[in-house]
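Tertiary structure, described
Residues per chain are reported as follows:
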Amino acid sequence: MAPLLALCLLLPLPAGALPGLAEVKAAYTASEATLQARDGRPVHRLRLDKTVRRLAWTPYGEISPALIRAVIVSEDQRFLEHEGIDWRAAGKAAWTNFWGGRTRGASTLTMQLAGLIDDDRQQRGRRSVFGKISQSAAALRLESFWSKRQIIEAYLNLVSFRGELQGVGAMSRQLFGKWPHGLDEREAALAAALLRSPNAAPGLVVKRACKLLQEMGRAGECAGLEGFAAQALNGGLQETTSGDGEQLAPHLARKLLQQPGQAIRSSLDADLQRFASAALRRHLAALNRQNVEDGALLVIDNASGEILAWVGSSGDLSGAAEVDGVTALRQAGSTLKPFLYAQAFEARQLTPASLIEDAPLSLDTGNGLYTPQNYQAQYQGWVSARRALAGSLNVPAVKTLVRLGPDRFQQRLKETGFASLTESGDWYGYSLALGSADISLLMLANGYRTLANGGVWSPLRATPGPVPPAQPCRNQGCAGVFSGKAHAAYRPASAFLVGDILADRSARAATFGLESWLATPYWAAVKTGTSKDMRDNWCAGYSRRYTVAVWVGNAGGSPMHDVSGMSGAAPVWREVMDWLHRGEATSGRPRQSSRPPAAPAGVVRIPIRFVPAHEPARDEWFVAGSEMPVIRAAQASALARISYPAAGSIIALDPDIPPHLQRLPLRLSVPAAPDWIWRIDGQRLGTASANNRWLPQPGRHRLTLENGAGETLDSVVVDVRSLKGHGR
């Protein structure tokens, strides 16, 4: 042994070749990354390294004494006595090997740790003579600078136990479903038995474990060990969850976590995230018979833009739980109407008291007639814009868009963060008023937060604090939501008017009744929406402090059975809002955060009355300068638009058809007044109230509608082309 000792002592090691425990721990990387709540509690762990399974480093004090004892008995019985090399064991092993016998081996825990620290050296062959010498030298150095506790701690965190399991944490959770501090003697013996042959057959593992138990004076634990070992080694004892606590935010975790071992503190509120997820699942379970299995939910702090809850799916209730409903693009339904009315109020084309006729409507478009209908297929006649928006009436919304123009509305929606609206307003047409465009819940929630903040749009945050957050996602459903400069998308006056209407339970009573999921005991502005064929329903709204948005539907796009925004998404919205304002929902005493917002500069409130009395007299808010104490049925000219031919139409004349059969009917969006006239290129064509038909001539023409005072109410430009010479 003397030559070996001399070599060990004389073998030079390069400077810095011997790391300290702190360096080893710093180089150690768990195979999982952790998403933390704003208070530091873990809300989700995501495995990113698929080659090995390692949990976070386990300190010595959190390792079961039974396991430490079993490992020492199994691997290095004189661990506490030697200084890195067990010379007695080494001599015995050499003698036994000389005579061809089988030996337990002389590699100490310290020598094994030296090999684990230097993976490259271990891979070059630790059983070669020079490998043993180098490992022995490193062990002597380790013992000079490390304590025994540090050596056993590092060894148990770096050693492989079975298959992909590396370290005591992963082994304990995967095989026995418990943390390392809870391992008993039987479990410890099984774990220690794996160290020599990590992938040994269960029978051999049991044999070695039983021998260890006998050496530890626990021979009685061998009874039933075979069945227990088979269950553990086959994964039957691991918990159904990951064993690392609740997995509350899988979709946001996949967007934020990028590297193994990473730990990111998010803006999520762990308690709120847990409650919101449970509330969504509970309500979806009740709707299961109506073909509903998916949903998503988002909660935002209005002031900071921090996301407090991100629930992307219903979990195991869904057949597509991996799909993130927060960022998936879906048809918006009526949830876009508040933005339409805000723009109309701002342009002074409407006031909350303006009367709009809710009656059957047909509009000529380039693709045929568009005939919007209300959700309940009933019409209410002349209604104020307040009642039209609060009651979610479709025809008044379309008439408002006719006045405003689809292009102007589409541009304003993009300014409000709806980056998915990539086509022109004319491409969406008048159905844009009813939510025909695809948006994400993320965009919708921030849009409503914009109204809550007086019309100021700003990006959302997924991490707290002053440092700008990392981009949580890059797909189309996230486009523009986490980046960009704050800007005024709406004036404070128009945002205030919309919020006041959406919080008015009396205004929505004709459609939803006085008592509904939307009628909160604290101030909240809220709107529901349902897309075509009941494929999606939504509920989005805000209080003074929070914005909550909910989507319910099916990830695959199949329609629900008789589920609207009021019965699907609204109950979830209300339950989460009540949780956020707990104490206010039951006491009836609103706190500062849920009182109605103060009116901004530029709005006034006056008493109004309707002539005739379409609605009861009331006090109403107006943009300053647009107030009217007496409201009469809206003049038809206010909504007059040329509905056919549509602007930009290309009309082809066929020479084989007699000219009198190619006259075009001229149509309006509203009944014409007796003194209105049509003009073609400035020339009078006839009165608009008559059944006028125009004989088009080749060229570009401007069709104009004028009132009796000679004022232009609307005009369109069309191109007329001849098919002469093309044949059939």
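First things first, this report covers the structure right here in the doc.

Procedures and definitions
- Residues numbered from 1 in each chain as written.
- Predicted model: local features only at pLDDT ≥ 70, side-chain atom pairs only at ≥ 80, totals over all residues.
- Heavy atoms only, no water.
- Pairing = 2+ DSSP bridges.
- Helix = DSSP H or I, 4+ residues; strand = E, 2+ residues; numbered from the N terminus.
- Axes fitted to C-alpha atoms, helices over the stretch in contact; angles between N-to-C directions.
- Disulfide = S-S within 2.5 Å.
- Phe/Tyr/Trp six-rings, centres within 6.5 Å; stacked < 30°, edge-to-face > 60°.
- Buried < 20%, exposed > 50% of the residue type's maximum accessible area, 1.4 Å probe, protein only.
- Polar contact = N/O pair within 3.5 Å; in protein donor to acceptor, adjacent residues only side chain to side chain.
- Contact = heavy atoms within 4.5 Å.
- Salt bridge = Lys/Arg side-chain N within 4 Å of Asp/Glu carboxyl O.
- Core = buried A, V, L, I, M, F, W, Y, C linked by side-chain atoms within 4.5 Å.
- Parallel < 35°, antiparallel > 145°, perpendicular 65-115°, else oblique.
- Left-handed = near helix turned anticlockwise from the far one by under 90°.
- Nonpolar A, V, L, I, M, F, W, Y, C, P; charged D, E, K, R; others polar.

Remark on secondary structure: sheet strands pair via backbone hydrogen bonds, oriented parallel or antiparallel. One open sheet holds the 3 strands; their spatial order is E2-E1-E5, and the pairing between them is mixed. With partners counted over all chains shown, the strands left at the sheet margins are strand E2 (42-47) and strand E5 (263-265), one partner each. Neighbour-to-neighbour, the strand axes of this sheet turn through a mean angle of 15°, independent of strand direction. Here strand E1 (residues 32-36) runs beside E5; their pairing, made up of 3 bridges, is parallel. Across the sheet, residue Leu35 finds its bridge partner in E5, namely Ile264.

This next bit is on the sheet that holds strand E20 (residues 618-623). With respect to topology, 3 strands assemble into an open sheet ordered E20-E19-E21, the strand pairing being mixed. Lying at the two open borders of the sheet, with one neighbouring strand each, are E20 and strand E21 (630-632). Strand-to-strand, the axes of this sheet are offset by a mean angle of 55°, without reference to chain direction. The pairing of strand E19 (residues 603-611) with E21 spans 3 bridges and is parallel.

This brings us to the state of the cysteines. One pass over the structure, following the stated rule, counts 2 disulfides. Two residues, Cys473 and Cys478, share a disulfide whose sulfurs are 1.7 Å apart. Given an S-S torsion of about -95°, the disulfide between Cys473 and Cys478 has left-handed geometry. With cysteine numbering restricted to those in disulfides and following the sequence, the chain has the pairing 1-2, 3-4.

Here we take up the packing of aromatic side chains. As enumerated under the stated definition, the model contains 10 aromatic pairs in all. Ring geometry for Tyr28 against Trp57: centres 5.1 Å apart, planes inclined by 85°, an arrangement best described as edge-to-face. Highlighted residues: Tyr28 in the loop between helix H2 (21-27) and E1 and Trp57 in the loop between E2 and helix H3 (65-75), separated in sequence by 29 residues. Taken as a pair, Tyr28 and Trp57 share a single burial class, namely buried. Look at Phe496 and Trp621: their rings are 5.0 Å apart centre to centre, the planes differ by 85°, and that puts the pair in the edge-to-face class.

We now examine unusual backbone geometry. What is expected of a backbone is that most residues other than glycine have negative phi and most peptide bonds are trans. Of note, the bond from Val611 into Pro612 is cis; its omega dihedral lies within 30 degrees of zero at -5°. With respect to the element layout, Pro612 can be found in the loop between E19 and E20. Phi at Asn291 takes a positive value of approximately 60°, unusual for a residue other than glycine. Tracing the sequence through the fold places Asn291 in the loop between helix H14 (270-286) and strand E6 (294-301). A positive phi angle is found at Arg348, which is not glycine, with a value near 60°. As for its placement among the helices and strands, Arg348 is situated in the loop between helix H15 (337-346) and strand E9 (355-358).

Tracing the sequence through the fold places Glu620 in strand E20. Of the polar contacts made by the side chain of Glu620, one reaches the side chain of Arg618; its length is 3.1 Å. Residue contacts for Glu620: discarding those within four places in its chain leaves Pro352, Ala353, Arg386, Val604, Arg605, Ile606 and Ile608.

For the rest of this paragraph, the subject is the pattern of salt bridges. One pass over the full model with this rule turns up 30 salt bridges. Residue Glu164 pairs with Arg47 through a salt bridge whose shortest N-O separation is 2.7 Å. Here Arg47 lies in strand E2 and Glu164 lies in the loop between strand E3 (160-162) and strand E4 (165-166), a separation of 117 residues in the sequence. For Glu164, a relative accessible area of 33% corresponds to the partly exposed category. Between Glu143 and Lys148 there is a salt bridge, with the nearest N and O atoms lying 2.9 Å from each other.

Bringing the pairing of strand E16 (residues 525-530) into the picture now. With respect to burial, E16 is a largely interior element, 6 of its 6 residues being buried. By the alternation rule, side chains of E16 split into Ala525, Lys527 and Gly529 and Val526, Thr528 and Thr530, which are all buried. Across 6 bridges, the pairing between E16 and strand E17 (residues 536-542) is antiparallel. Bridging from a neighbouring strand, Lys527 pairs with Ala540 of E17.

Another point: the nonpolar core. Of all hydrophobic cores here, the largest spans 87 residues; its most connected members are Leu35, Phe339 and Leu442. Excluding residues that lie within four positions of it along the chain, Phe339 makes contacts with Phe409, Leu413, Thr416, Phe418, Leu444, Gly447, Tyr448, Leu451 and Tyr490. Ranked by size, the runner-up nonpolar core spans 58 residues in total, among them Trp146, Ile151, Phe176 and Met216.

Moving on: the environment of Gly454. With respect to the helices and strands, Gly454 occurs in the loop between helix H20 (441-452) and strand E14 (456-457). Separated by 143 residues in the primary sequence, Gly454 and Pro597 place their C-alpha atoms 9.7 Å from one another.

Before going further, it helps to spend a moment on the packing of helix H5 (residues 109-117) against helix H8 (residues 148-158). It is at 9 Å that the axes of H5 and H8 come closest, and there the two elements cross at 50°. Relative to H8, the element H5 is oriented oblique. Of the two elements, H5 crosses H8, and the hand of that crossing is left-handed. Judged by residue contacts, Leu109, Thr110, Gln112, Leu113, Leu116 and Ile117 of H5 engage Ile151, Ile152, Ala154, Tyr155 and Leu158 from H8. Looking at the contact of H5 with H8, its residues break down into 9 nonpolar, 2 polar and no charged.

Mapping Leu723 onto the fold places it in the segment after strand E30 (712-722). Sequence separation of Leu723 and Pro655 is 68 residues, and the distance between their C-alpha atoms is 6.7 Å. With sequence-adjacent residues up to four places away left out, Leu723 is seen in contact with Ala652, Leu653, Asp654 and Pro655.

Everything listed is a geometric property; what it means functionally is a separate question.
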